[in-house]
Each structure stands twice: as structure tokens, then as C-alpha cells.
Amino acid sequence: MEKEINEQLQGQSLVLEQKPENTKKLYIESYGCAMNFSDSEIVASILTNEGYNTTQILEEADLVLVNTCSIRDKAEQTVRKRLEKYNAVKRTNPTMKVGVLGCMAERLKTQFLEEEKIVDMVVGPDAYKDLPNLLKEVEEGREAINVILSKEETYGDISPVRLMSNGVTAFVSITRGCDNMCTFCVVPFTRGRERSREPQSIMAEIQDLWDKGFKEITLLGQNVDSYLWYGGGLKKDFDKATEMQIATAVKFEHLLEMVAVAFPKMRIRFSTSNPQDMHEEVLHVIAKYPNICKHIHLPVQSGSNRILAAMNRLHTREEYMRLIDKINTIIPNCGITQDMIAGFPTETEEDHQDTLSLMEYVKYSFGYMYAYSERPGTLAGRKMEDDVPEATKLRRLQEIVDLQRVHSGYRTQEFLGQTVEVLVEKTSKKSDHDLSGRNSQSIVVVFPKEHYKIGDFVNVQITNCTSGTLIGKAVGYSEMN
């Protein structure tokens, strides 16, 4: 699958195991973050029970679904172009139905049904269990919409179908929604309040993956460090829980340790973390267990205290740097990656230089860097003028990208001469004679195939590197096999 899961993945049609008794054909495309791809697996599972097999051929589909992202305007424009494509196909296949899922569905709601005449159905992220009813509405000739946000839905009772799976790595969703009201972000409005999934259902899903031969899981959420299970309910209501619920509450560090102990031969990753909620206890758990990958994706967004405050990021530059110091002390070999926004409203050249200096302090392994894109409905969209000229945004973004490339090269060079453990995920894109996987720090490693295969844990001695890839030769299987 998989690059780092916070990357805005390009749209993919997803392939599902076929059931011979199913007669209808489903075509799904997913855009955006890993949570959308995880949600598409839930949708596919629900529709499998409604008589649908998936197809990679758009033209033969009875139902076309696009799972959408609203995090930036570019993502929304990509989806609109895909809808134009569907419209062209629908003219030759008039019985084909089209639905919009995900964050754009939640944000735009009835606008899709009014503007995009092709769209028959609009379904928000918390309404996927209502798909069978909505499909009946569509089949009876009515437009169907359900974008109601839930305070309880976690889909913990649905066994996801693994789409586009390599049989090696998989997502396991542990939280939904977000309580952090960053002024630039639509997620609290499109995915609702933060709630955590019951831990036993998480463990059962991981057990099922292990039984099926998967070797690595990523615990997934908008803010995994806020995971909190005390018998149900929203995180914000925890202070109202009973003494017994509080005493037996499962926090993220507890869940992470539970998984590490129960599945010692399975690699564990997690994403995404919020600096304000990344506590020292989590760091000690990561350091303690060798099967927990030594990588933390820790979005900062800006290195300027003034801009961080304007973003409503509940940490300062200094607090973030102290957290970085703590990570480096407790987990000396930890890979740290970032998200960064260039050109946030009112950002000055001094603010931009603060971002560059923070990057120099941390020297991230890699990152996801974007020019600010105003999102309607957010506080920044409502209250702040998008006043940084586009040319200035792009110039600052390029400077951030260029510096990150230097730091990425610095981090990969640190591995020269070392031997790293790699979980083989696929054949290299550049050569059928090479295999590709990631090390614990989530850096891609490429090495000659020889007798090794996808799913093996292999020790690889690093002999060369680029700014984004480690190159080496296998020296044997690792102890994780």
C-alpha cells in the first residue's frame, strides 16, 4: 500500500474479494488521508452484504462511489473532475448510480444533489451503515442523503474488507473525529467529535489480521494520542465518568502496550499524533517494545508562535522543541516527520524564518508540506483574510521543501553502514529484481530480491542512499520472522 499514511494519496479504484452469489458491481475511488481509505474498507464490507462485488472497470459498474477529502481546495477540485468523468460514462450507462462519500459529502451536503446532477446519493463519514436504506431510496428514483454526525459511531462491529491489500500491512482505526479546533481544519466539522473505539474490538481485529498472515498494522485516528476508552462516550465527558470508569480507563499508552504484548511478532505503527497530546508515557512504551516502530509523525504546521496561536495550535514553538528533545532522549533512533503549512493568513517573512529555523533544529526525516488553502466553514475561512500573495506562498513553500530535502538526505546518510530490519511490502517500482519495504523509522529501503519475498522481515545492510530511499543488500532474516 503504502507511503506514510498522512500523505494525500492519489485516487485509486479498490479491489475486493469476489463473492460468486453477488450480481451487482461496485466501483470505489478514495482520495485523501488514510482514514478515508480505511472507511472505504468499511463501505466495501457493508455493500458486500448487499450483493455487490467490486470492479476495476468504471464503465461496467452499477454503483460508483467516490470517498472524498476536504482538507484542501485541490483535493475537492480533483473530485469534481472525477464527477465529470462519471457523468460522461453515465450517458452510456444510464442505470449507473453515483454516490459521494466522506468529508466533501459532509461539508457540501445537499449542494452536491443540486449542483452535480449526476450525484444520486450523498453520505457522510458517520452514516455508512445507512447505505442499504439509501440505496433503496435511489433505486426507487429518489435522491438520498445522510450526513448526520454521530457521537457514538466507531464502526467497531464491522470487519473491514482489505482493499488493494498486499497481505502484509493494514490500517486499524481506533478513534474517529477530532476535538482540536485548529482554525485551518475542516475535520471537526466533517467528522464530528472525538470518540474512541472499544479496545476489545480493536484487539479482535488485529487478531484476525494476524491469523490471515498480516505482519504490520497502523493504529489510525485523527489524533491517536487522545485515545481514551472508559466504557463509551465522548472524550470531553470523561470528567463526568464514575470513579470505577476512570480507574479502569484505557489510554493510548495502555492500548499500544496491549497490542505490543499480545502480538510480539507483528510490527506496530500509529498515526497521527498531536503535539499537545503526545505524553511521555507513550514514548516509554515505544522505547520498551522492539515491535513498535521507532517513528512518530508529529505535525507542527508552523515554527512561529504567533502563527501557532492564530492556528489555535495548543502548543508553542518552545514546547514542541522540548517534546522533540524528550523523544530524542527516550528513543534516540526515532524518526520524526512533519506537516507544514506555508502562507497562513498574516504570515510574515519573520514567521517563515521561524519555521525554517525550527526545521533546522529538528531535521525531520521527511514531511508533507502545503501552501495554505482557505477552507470554507473554518474559523480561518470565516474570520481571517487570505492575505499572503500566492507567489509568496509558493516561494515560501519551495524553501520549506528544499530544506526538507536537505534534511531528508542528512537522515538517510545516518544509516550508511548500518544494518536495518525491513518488512518487505512489494517489488520495487524501478526493477523487478529488487524488493522494497520500510525500516522501523518508516524510510523506504530497496535491496536485491534474491530468495526473499513479500512479507519477510529481512536484515539489510545499507550501502547507499538518496534523500528518500535507503539502498542495501540483504544479510539474512530478522528475528521477527
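Above this text sits the structure in question.
Small disclaimer: the values here were computed from a predicted structure and weren't measured. (Residues numbered from 1 in each chain as written. Predicted model: local features only at pLDDT ≥ 70, side-chain atom pairs only at ≥ 80, totals over all residues. Heavy atoms only, no water.)

A. Up close: the sheet that holds strand β17 (residues 367-371). As summarised here, the arrangement of the three strands in space is β15-β16-β17, forming an open sheet in which the pairing is parallel. With one partner strand each, in any of the chains shown, β15 (295-297) and β17 form the two edges of the open sheet. Across the sheet, the mean angle separating the axes of adjacent strands is 10 degrees when strand polarity is ignored. Where β15 lies against strand β16 (residues 335-342), three bridges are found, and the strand directions are parallel. Residue pairing in the sheet places His295 in a bridge with Gly335 of β16. (Pairing = 2+ DSSP bridges. Helix = DSSP H or I, 4+ residues; strand = E, 2+ residues; numbered from the N terminus. Axes fitted to C-alpha atoms, helices over the stretch in contact; angles between N-to-C directions.)

B. Region of interest: the pairing of β16. Burial analysis of β16 places eight of its eight residues in the buried class, which makes it a mostly covered element. By the alternation rule, side chains of β16 split into Gly335, Thr337, Asp339 and Ile341 and Ile336, Gln338, Met340 and Ala342, which are all buried. Direction of pairing for β16 relative to β17: parallel, over a ladder of five bridges. In the sheet register, Asp339 faces β17, and the bridge partner there is Tyr368. Handedness of the crossover is the feature at issue here: the chain leaves β16, passes through helix α13 (residues 349-362), returns alongside β17, and the resulting connection is right-handed. (Buried < 20%, exposed > 50% of the residue type's maximum accessible area, 1.4 Å probe, protein only. Right-handed = clockwise from strand over helix to strand, strands pointing away.)

C. Just the environment of Val445, in detail. Note that Val445 resides in strand β20 (residues 444-448). When its relative accessible area of 0% is taken as the criterion, Val445 is described as buried. The spatial distance from the C-alpha of Val445 to the C-alpha of Lys473 is 9.7 Å, given a sequence separation of 28 residues. Apart from residues no more than four positions distant in its own chain, Val445 is found in contact with Val420, Val422, Leu435, Ser436, Gly437, Asn439, Val460, Ile462 and Leu470. (Contact = heavy atoms within 4.5 Å.)

D. Seen up close, the sheet that holds strand β11 (residues 216-220). Across the sheet, three strands lie side by side as β8-β11-β14; this open sheet has parallel pairing. At either margin of the open sheet sits one strand with a lone partner, and together these are β8 (169-173) and β14 (267-271). When the angles between neighbouring strand axes are averaged without regard to direction, this sheet yields 25 degrees. As paired strands, β8 and β11 are joined by five bridges and run parallel to one another.

E. A look at the nonpolar core. Residues Leu219, Leu256 and Ile296 are the most contacted members of the largest nonpolar core, which totals 53 residues. The element best represented in this core is helix α12 (residues 317-330), accounting for six residues. Beyond its immediate chain neighbours, meaning those up to four positions away, Leu219 contacts Val172, Ile174, Ile206, Val224, Phe252, Leu256, Ile268, Arg269, Phe270 and Ser271. Counting 24 residues, the second-largest nonpolar core is a separate cluster that includes Ile28, Ala127, Val138 and Leu163. (Core = buried A, V, L, I, M, F, W, Y, C linked by side-chain atoms within 4.5 Å.)

F. Here's a closer look at the pattern of salt bridges. Tallying each qualifying case throughout the model produces 36 salt bridges. One salt bridge connects Lys25 with Glu60, and the closest N-O pair in it is separated by 3.4 Å. In this pair, Lys25 is assigned in strand β2 (residues 24-32) and Glu60 in the loop between β3 (52-54) and β4 (63-68), connecting sequence segments 35 residues apart. Overall, the relative accessible area of 33% leaves Lys25 in the partly exposed class. Lys129 is the salt-bridge partner of Asp157, the closest N and O atoms lying 2.9 Å from each other. (Salt bridge = Lys/Arg side-chain N within 4 Å of Asp/Glu carboxyl O.)

G. The arrangement of α12 in detail. The end-to-end C-alpha separation of α12 is 20 Å, in line with the 20 Å expected for 14 residues at 1.5 Å each. All buried positions along α12 are accounted for by Arg317, Tyr320, Met321, Leu323, Ile324, Ile327 and Ile330. (Expected span 1.5 Å × (residues − 1).)

H. Molecular detail of unusual backbone geometry. Here the residue pair Ser271 and Thr272 is connected by a cis peptide bond, since its omega of 10 degrees sits within 30 degrees of zero. Following the sequence through the fold, Thr272 ends up in the loop between β14 and α10 (280-288). A positive phi angle, near 60 degrees, is found at Tyr155, a position not held by glycine. Relative to the helices and strands, Tyr155 resides in the loop between β7 (144-146) and β8. What makes Tyr155 buried here is its relative accessible area of 2%. Even without being glycine, Thr346 reaches a positive phi, approximately 75 degrees. When you line up the elements, Thr346 lands in the loop between β16 and α13. Thr346 gets classed as partly exposed once you look at its relative accessible area, which sits at 36%.

I. Quick look at the packing of aromatic side chains. Summed over all chains, the structure comprises six aromatic pairs. Relative to Phe270, the ring of Phe252 lies with its centre 5.2 Å away and its plane at 70 degrees, an arrangement referred to as edge-to-face. Of this pair, Phe252 sits in helix α9 (residues 252-262) while Phe270 is found in strand β14, placing the two residues 18 residues apart along the sequence. Phe270 shares its class with Phe252; the two are buried. (Phe/Tyr/Trp six-rings, centres within 6.5 Å; stacked < 30°, edge-to-face > 60°.)

So, to be careful, I would describe these as geometric facts and stop short of saying anything about function.
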